[in-house]
Amino acid sequence: MVIISCLLIGIFLGYFLGMPLNGLTDYVITFCLLILLFSVGIDLGSNKESFRDIKNNGLKLFIVPIGTILGTAIGCIGTSLILKMPLKESLAVGAGFGWYSLSGVLIAQMYSVELGMVAFLSNVIREIIALISIPFISKRVGALEAIGIAGATAMDTLLPVIVKSNTPDVVIYSFVSGVFLTLLVPILVPVILSL
């Protein structure tokens, strides 16, 4: 609700009060993105037990993020066809993998504000759908599929929901999937937009 409220207040101020922040916005966004990426790095580096689990489980840990990437790409292709949206734009939005605070800003800065808003909202919606559906999918389909729906947020925001809905052994799969997808977002989005 806080995210949606801030967005609506910003739209209101921009529309009715005509508060252009063009020059300042780029600097603030860049600074905040750097702090966000720095924080993610600290979070990753501080979890030493995860590094040991990664070594023990090996490459099979990457099944979930690779499946998530493939599933997201297929969904983006379908969305592109149904909505008659350029494939590049659909793939760039999907490449956010649920990380709305980064993907929306990257796309807005590199491509267009409109597509950045689409990315922001679609990735917020992805997280909300994941939050609601993870318990059901964990119970009816499987733990790994539930992790895939969470996307990049499998390592942080949705990790408690995934852990509560599954056995403790899925934590490392969830964490690795979230880290892998999180690291890919700032790489994939610009690459896709440059095509």
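Residues numbered from 1 in each chain as written. Predicted model: local features only at pLDDT ≥ 70, side-chain atom pairs only at ≥ 80, totals over all residues. Heavy atoms only, no water.

Chemist: Help me out: how do you make sense of the overall build of the protein in this one?
Modeler: Broken down by element type, the protein carries 10 helices and zero strands. Starting at the N terminus and walking to the C terminus, you meet the elements of the protein as α-α-α-α-α-α-α-α-α-α. Within the protein, the proportion of its 195 residues that are buried is 38%. When contacts within the protein are restricted to residue pairs at least 6 apart in sequence, those whose partners lie at least 24 apart make up 68%. (Helix = DSSP H or I, 4+ residues; strand = E, 2+ residues; numbered from the N terminus. Buried < 20%, exposed > 50% of the residue type's maximum accessible area, 1.4 Å probe, protein only. Contact = heavy atoms within 4.5 Å.)

Chemist: I'm lost on the confidence of the model for the protein in this one. Help?
Modeler: As a general rule, the predicted coordinates of low-pLDDT regions are not to be interpreted in detail. Residues at a pLDDT of 70 or more form 88% of the protein, whose mean pLDDT is 85. Mean pLDDT across the elements of the protein bottoms out in helix H2 (residues 22-46) (68) and peaks in helix H5 (residues 87-94) (97). (pLDDT = per-residue confidence, 0-100.)

Chemist: In this structure, what is going on with the packing of helix H4 (residues 63-83) against helix H10 (residues 171-193)? I would like to understand it.
Modeler: Between two packed helices, what matters for the description is the angle formed by their axes and the separation of those axes. Viewed as axis vectors pointing N to C, H4 and H10 meet at an angle of 45°, and their least axial separation amounts to 8 Å. Taken together, the axes of H4 and H10 lie oblique to each other. The chirality of how H4 crosses H10 is right-handed. Here Val64, Pro65, Thr68 and Ile69 of H4 lie close against H10, whose contacting residues are Ser177, Phe180, Leu181 and Leu184. A per-class count over the contact of H4 with H10 returns six nonpolar, two polar and no charged. (Axes fitted to C-alpha atoms, helices over the stretch in contact; angles between N-to-C directions. Parallel < 35°, antiparallel > 145°, perpendicular 65-115°, else oblique. Left-handed = near helix turned anticlockwise from the far one by under 90°. Nonpolar A, V, L, I, M, F, W, Y, C, P; charged D, E, K, R; others polar.)

Chemist: Could you clarify how one ought to interpret the packing of aromatic side chains in this entry?
Modeler: Aromatic ring pairs are defined here through the distance separating the ring centres and the angle between the ring planes. Evaluation of the coordinates by the stated rule reveals two aromatic pairs. Seen from their ring centres, Tyr100 and Phe120 are 5.7 Å apart, and the 90° between their planes marks the pair as edge-to-face. Pair noted here: Tyr100 is in helix H6 (residues 100-110) and Phe120 is in helix H7 (residues 113-140), with a separation of 20 residues, a long-range link. As far as the burial class goes, Tyr100 and Phe120 line up, both buried. (Phe/Tyr/Trp six-rings, centres within 6.5 Å; stacked < 30°, edge-to-face > 60°.)

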